Amino acid sequence: MKYYIGIDLGGTNVRTLLVGENGTVYAEVKDNTERENGPDYVCTKIIKQIEALDTIVCDGLKGVSGIGIGVPGPVDTVKGTMIMATNLPGFEDYPICDKLSERFGLPVFIDNDANVAGLGEAILGAGKGYESVYYITMSTGFGGAYVFRNELINGISTCAGEIYNMI
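Quick caveat: nothing in here was measured; it's all calculated off a predicted structure. (Residues numbered from 1 in each chain as written. Predicted model: local features only at pLDDT ≥ 70, side-chain atom pairs only at ≥ 80, totals over all residues. Heavy atoms only, no water.)

A. Structural detail: the overall build of the chain. Across its full length, the chain carries three helices and ten strands. In the chain, the succession of helices and strands from N to C terminus is β-β-β-α-β-β-β-α-β-α-β-β-β. Computed over the C-alpha atoms, the radius of gyration of the chain is 15 Å, within 12% of the 15 Å expected from 2.2 N^0.38 for a compact globule of 167 residues. Each of the three principal axes of the chain carries a C-alpha extent, and together these read 40 × 35 × 25 Å. Counting only residues that meet the buried cut, the chain has 40% of its 167 residues in that class. Once local pairs closer than 6 in sequence are excluded, the contacts in the chain between residues at least 24 apart make up 51%. For the chain, the centre of its 12 positive side-chain charges and the centre of its 21 negative side-chain charges are spaced 4 Å apart. (Helix = DSSP H or I, 4+ residues; strand = E, 2+ residues; numbered from the N terminus. Rg over C-alpha atoms; globule rule 2.2 N^0.38 Å. Buried < 20%, exposed > 50% of the residue type's maximum accessible area, 1.4 Å probe, protein only. Contact = heavy atoms within 4.5 Å. Lys, Arg positive; Asp, Glu negative; His and termini not counted. Charge placed at Lys NZ, Arg CZ, Asp CG, Glu CD.)

Printed below as a string of structure tokens:
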């Protein structure tokens, strides 16, 4: 079985999960983001959370195929950075994917949090088996994602399907 690390990086909390390819959650670590301390501090916190997962599974993270990060706002999925970080000051163009990839030797991917939640819901959740799924999330802002045939439709700006409204 393949395993993945999923990170939900928000302005208030950061959660790190170890999940199986079937969506089963094997371990979770959660803490306050403490965004006021800056991106290096938050990135170090994420590294410690991943290391805590290693302790929980006691396997050196063997079998982990990659790391995925969901963040609020638009992202550059090619560069692996946030384009705009209203809830996470200082994260614009911060190389979080590069830093985590260098530290753990794994591929790291980043996308908008509504996009990754929508994709997960379409593949493993209530949308499983449907050809077309539209996902809406409501938290600090509103977010949306459109998934067609288990593929996230991002558009040229990675914001297709988005309906967000930041406070």
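B. Geometry of the state of the cysteines. Enumeration over the complete set of coordinates arrives at zero disulfides. Lacking any disulfide linkage, C43 is separated from the closest cysteine sulfur, that of C97, by 9.6 Å. For C43, a relative accessible area of 3% gives the class buried. (Disulfide = S-S within 2.5 Å.)

C. Expanded view of a nonpolar patch on the surface. Nonpolar side chains collect at one region of the surface, where Y134, I136, M138, F142 and I163 lie side by side and expose about 510 Å² of accessible area between them. The biggest single contributor to the nonpolar patch is strand β8 (residues 132-138), with three residues. Checked against the element boundaries, F142 lands in strand β9 (residues 142-148). (Patch = residues over 30% accessible without salt bridge, like charges linked within 9 Å, V, L, I, M, F, W, Y side chains within 5 Å. Areas by Shrake-Rupley, 256 points an atom, 1.4 Å probe, with all protein chains shown as cover. Salt bridge = Lys/Arg side-chain N within 4 Å of Asp/Glu carboxyl O.)

D. Geometry of the sheet that holds strand β2 (residues 13-20). Within the open sheet, the five strands sit side by side as β3-β2-β1-β4-β7. Their pairing is mixed. Two strands lie at the open edges of the sheet, namely β3 (25-32) and β7 (108-112), each paired on one side alone. The average angle at which neighbouring strand axes cross in this sheet is 15 degrees, direction not considered. Note that strand β1 (residues 3-9) and β2 share seven bridges and pair antiparallel. Residue pairing in the sheet places L9 in a bridge with V14 of β2. Against the sheet, helix α2 (residues 96-104) contacts β1, β4 (64-71) and β7, and its axis sits at roughly 150 degrees relative to β7. (Pairing = 2+ DSSP bridges. Axes fitted to C-alpha atoms, helices over the stretch in contact; angles between N-to-C directions.)

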